[in-house]
Structures are given as C-alpha cells and as structure tokens.
Amino acid sequence: MGEKNGRAMNDETYDTVKSILAENERLFMKLQRVAEEYDAIEFDESGFYIEKEQRCERHWETLARKVAEALQEGVEGIDIRVLKNSAPNIRSVSFDITAGEGDARETTRLSVDYAAEGSLAITRA
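My aim in this report is to walk through the structure given alongside it, one point at a time. All figures in this text were calculated on a predicted structure; none of them were measured in a lab. (Residues numbered from 1 in each chain as written. Predicted model: local features only at pLDDT ≥ 70, side-chain atom pairs only at ≥ 80, totals over all residues. Heavy atoms only, no water.)

1. Some remarks on the overall build of the chain
In step 1: Along its length, the chain carries three helices and four strands.
In step 2: Summarising its shape, the C-alpha atoms of the chain cover approximately 55 × 30 × 20 Å along the three principal directions.
In step 3: Taken over 125 residues, the chain has a buried fraction of 37%.
In step 4: Contacts spanning at least 24 positions in sequence make up 51% of the contacts within the chain whose residues lie at least 6 apart.
In step 5: For the chain, the exposed surface amounts to about 7400 Å²; the carbon and sulfur share of it is 44%.
In step 6: Side-chain charges of the chain comprise 17 positive and 26 negative groups, with the mean position of each set lying 2 Å from the other. (Helix = DSSP H or I, 4+ residues; strand = E, 2+ residues; numbered from the N terminus. Buried < 20%, exposed > 50% of the residue type's maximum accessible area, 1.4 Å probe, protein only. Contact = heavy atoms within 4.5 Å. Areas by Shrake-Rupley, 256 points an atom, 1.4 Å probe, with all protein chains shown as cover. Lys, Arg positive; Asp, Glu negative; His and termini not counted. Charge placed at Lys NZ, Arg CZ, Asp CG, Glu CD.)

Now the structure itself:
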C-alpha cells in the first residue's frame, strides 16, 4: 500500500479529492455531532446505553459512506473503501482510495481529521 513513484494518487486527483471533501464539510459537521452524542452516552451496568450506542454507530457509518459516495461520484477512475473506526467518537475518518490503470493500480490511504470544528485536516499516506 502507499504511493509508488507518485502513481497511486497524483496531485491533480488529490486536489480534486480535497475540494470534494471541503464541499461536503456539512457531513463532517454531522460526524462531529455524532461523536459528541456518543461521548454523552452514560455507559453503566444498566445496559440502557446499547441502543444509543448502536444508533451512533449506524449514523457514523451512513455519514462516512455518504462522504465516500461523494468522492466516488466526483473523481473518475477511483475506488473508495471506508475504514471503520473502533468507536464513533474518534473524530477522523480514513479511506483507502485506489487509482491508476491496469497493473499500475495502487491504493493510497487518506485520513480526514474533523476534530476542530469548521476545519478539516487531510493527510495521505
């Protein structure tokens, strides 16, 4: 995994991805609210928190999938896979983005940190 000779995700594709992520900032704001809701759950012996926990997890997965779909629609020739977080209160989402042609297809991991409200920190590895 990772870039080999810069082929996995060229700068033009990366710029397009960043632009699409910025255009969908509202989804990251919603992901931030899911994280806050998850943090507010009172985990105790009662077990009453399970439904809230599952709802947060489903909501996180739906929103992360919507971000992936926006990327898939906006960038031609890439495949996107969302990497699931261990809990919905982790304020970042990672994607494996596969690009290239034929045998030259390579995967780049892209991580979007949305912990700071109104700001996205995007890194690729």
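2. Section: the side chain of Thr-98
In step 1: Tracing the backbone through its elements, the reader meets Thr-98 in strand β2 (residues 92–99).
In step 2: Residue classification places Thr-98 among the buried positions, given a relative accessible area of 18%.

3. Quick look at helix α2 (residues 25–39)
In step 1: Taking 1.5 Å of rise per residue, the 15 residues of α2 would be expected to cover 21 Å, and the 21 Å separating its terminal C-alpha atoms lies within 8% of that figure.
In step 2: Taken together, the buried positions of α2 are occupied by Leu-27, Phe-28, Leu-31, Gln-32, Val-34, Ala-35 and Tyr-38. In a view along the axis of α2, the buried residues occupy a sector of 160°, so they form one face of it.
In step 3: Looking at the buried residues of α2, the elements they touch are α1 (11–23), α3 (50–74), β2 and β3 (106–113). (Expected span 1.5 Å × (residues − 1). Arc of directions from axis to C-beta.)

4. Remarks on the pattern of salt bridges
In step 1: Scanning the model with the defined rule gives nine salt bridges in all.
In step 2: Note that Arg-105 is salt-bridged to Asp-79, the shortest N-O span being 2.4 Å. Taken together, the positions of Arg-105 in the loop between β2 and β3 and Asp-79 in strand β1 (residues 79–83) put the pair 26 residues apart, joining distant regions of the chain.
In step 3: Its relative accessible area of 41% is what places Asp-79 among the partly exposed residues.
In step 4: With its nearest N and O atoms 2.8 Å apart, the salt bridge here joins Asp-96 to Arg-81. In this pair, Asp-96 is assigned in strand β2 and Arg-81 in strand β1, connecting sequence segments 15 residues apart.
In step 5: Taken together, the shared-partner salt bridges in this structure form one network comprising Arg-81, Asp-96 and Arg-109. (Salt bridge = Lys/Arg side-chain N within 4 Å of Asp/Glu carboxyl O.)

5. Some thoughts on the sheet that holds β2
In step 1: The strand order across the open sheet built from four strands is β1-β2-β3-β4, with neighbouring strands paired in antiparallel fashion. Both outer strands of the open sheet, β1 and β4 (121–124), are each paired with one neighbouring strand and no more. This sheet shows a mean twist of 25° between the axes of neighbouring strands, independent of strand direction.
In step 2: Relative to β2, β1 is paired through five bridges, and the arrangement is antiparallel. Note on β2: the bridge partner recorded for Leu-83 is Ser-94.
In step 3: The sheet contacts of α3 involve β1 and β2, and relative to β1 the element is tilted by about 160°. (Pairing = 2+ DSSP bridges. Axes fitted to C-alpha atoms, helices over the stretch in contact; angles between N-to-C directions.)

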